[in-house]
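Here's the letter readout for the chains.
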Amino acid sequence: MHKVSVLFVCLGNICRSPTAHAVFQSMVDAEGLGGHIMVDSAGTGDWHIGHAPDKRTSAAAAERGYQMHHLRARLVEPQDFEQFDYIVAMDHENLSNLKAMIPPNYQGWLGLFLDYSCDPQYSDQQVVPDPYYGGEQGFTFVLDLVEDASAGLLRQIKANL
Ligand code: 4NP
């Protein structure tokens with residue numbers, strides 16, 4: 001059976017996309033869909049390859065019960081376009097980096113994560129903002145946005161399973 005595969009992409013793969021990876025995986029597991037949906041994350045920048053998520057990211061996630069210490073940063077690779085059904089960008093810069101790599105025959109969905117946002121309080125928010133150079137509340141806001149859009153994305157995937 002074909003598993004639906006989802007790749008979350010940000011810049012460094014140490015803040016936003018590992019958060020999405022851990023949150024979405026936890027929702028998939030909670031619904032018993034681990035056998036149907038495969039989740040991964042990657043970055044378009046190479047500064048943190050092999051690194052664990054940023055400590056501020058893992059601390060904020062742990063406060064909500066998400067574990068991500070097992071994740072390690074990696075770069076997006078050309079083969080990802082062969083493997084992943086959904087390639088989900090956190091912001092416009094990530095999306096344009098991905099569009100520069102996309103093969104003409106890519107059959108999957110490539111777009112912004114917050115296209116799947118459901119909560120009207122975030123209706124003006126198009127992107128998951130980069131929290132790296134900001135304060136702690138930026139990491140909490142990433143989690144708020146990621147939890148909301150993950151629920152929307154999972155609903156969409158379940159409707160097509
Ligand atoms: P991320 O955040 O893209 O959400 O992982 C960043 C992490 C590192 C850097 C930028 C953004 N950096 O410039 O090193």
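Above this text is the structure in question.
Residues numbered from 1 in each chain as written. Predicted model: local features only at pLDDT ≥ 70, side-chain atom pairs only at ≥ 80, totals over all residues. Heavy atoms only, no water.

Caption draft 1: A look at the overall build of the protein. Each helix and strand in the protein was counted, giving five helices and four strands. Scanning the protein from its N terminus toward the C terminus, one meets helices and strands in the order β-α-β-α-α-β-α-β-α. Computed over its C-alpha atoms, the radius of gyration of the protein comes to 14 Å, within 12% of the 15 Å expected for a compact globule of 161 residues. Summarising its shape, the C-alpha atoms of the protein cover approximately 40 × 35 × 35 Å along the three principal directions. When the 161 residues of the protein are sorted by exposure, 47% land in the buried category. If you take every contact in the protein between residues at least 6 apart in sequence, the share linking residues at least 24 apart comes to 70%. Summed over its atoms, the accessible surface of the protein is roughly 8,100 Å², and 50% of this surface lies on carbon and sulfur atoms. (Helix = DSSP H or I, 4+ residues; strand = E, 2+ residues; numbered from the N terminus. Rg over C-alpha atoms; globule rule 2.2 N^0.38 Å. Buried < 20%, exposed > 50% of the residue type's maximum accessible area, 1.4 Å probe, protein only. Contact = heavy atoms within 4.5 Å. Areas by Shrake-Rupley, 256 points an atom, 1.4 Å probe, with all protein chains shown as cover.)

Caption draft 2: Representation of the environment of F113. As for its placement among the helices and strands, F113 is situated in the loop between β4 (109–112) and α5 (136–160). The class for F113 is buried, based on a relative accessible area of 0%. As for F113 and D91, which are separated by 22 residues in sequence, their C-alpha atoms are 8.0 Å apart.

Caption draft 3: Just helix α4 (residues 92–101), in detail. Of the residues making up α4, those classed as buried are N94, L95 and L98. All buried residues of α4 lie within an arc of 100° about the axis, which places them on one face of the element. Summarising the geometry of α4, the exposed residues directed more than 90 degrees from the buried face are K99 and A100. Buried residues along α4 sit against β1 (4–10), α1 (16–30), α3 (80–83), β3 (86–89) and β4. (Arc of directions from axis to C-beta.)

Caption draft 4: Highlighting the environment of G35. Inspection of the secondary structure puts G35 in the loop between α1 and β2 (37–43). In this structure, the C-alpha to C-alpha distance between G35 and H2, residues 33 residues apart in sequence, is 9.6 Å.

Caption draft 5: Quick peek at the nonpolar core. Judged by nonpolar contacts, the single largest core of 37 residues is most densely connected at V6, F8, F24, I37, F113 and L153. Of all the secondary-structure elements, those providing two or more residues to this core are β1, α1, β2, α2 (55–63), β3 and α5. Take this core: its biggest share by element is nine residues, from α5. If you look at the next biggest cluster of nonpolar residues, it comprises 14 residues, including L7, V76, F84 and L112. (Core = buried A, V, L, I, M, F, W, Y, C linked by side-chain atoms within 4.5 Å.)

Caption draft 6: Representation of the sheet that holds β2. What the four strands build is an open sheet, ordered β2-β1-β3-β4; its pairing is parallel. Either end of the sheet is taken by a strand with one partner, and the two such strands are β2 and β4. The sheet shows a mean angle of 20° between the axes of neighbouring strands, direction not considered. Where β1 meets β2, seven bridges bridge the pair, whose relative direction is parallel. Within β2, the position partnered with V4 by the bridge is I37. (Pairing = 2+ DSSP bridges. Axes fitted to C-alpha atoms, helices over the stretch in contact; angles between N-to-C directions.)

Caption draft 7: The arrangement of the site of the ligand in detail. The local shell around the ligand consists of C10, L11, G12, N13, I14, C15, R16, W47, H48, D130, Y132 and Y133. Between H48 and the ligand, the recorded distance is 2.8 Å, taken from a side-chain N or O atom to an oxygen atom. A distance of 3.3 Å is found between an oxygen atom of the ligand and a side-chain nitrogen or oxygen belonging to Y133. Look at the ligand: alone it shows 360 Å² of surface, and the protein chains cover 94% of it. Residues of the shell around the ligand, tallied by class, amount to seven nonpolar, three polar and two charged. (Near = heavy atom within 4 Å. Polar contact = N/O pair within 3.5 Å; in protein donor to acceptor, adjacent residues only side chain to side chain. Nonpolar A, V, L, I, M, F, W, Y, C, P; charged D, E, K, R; others polar.)

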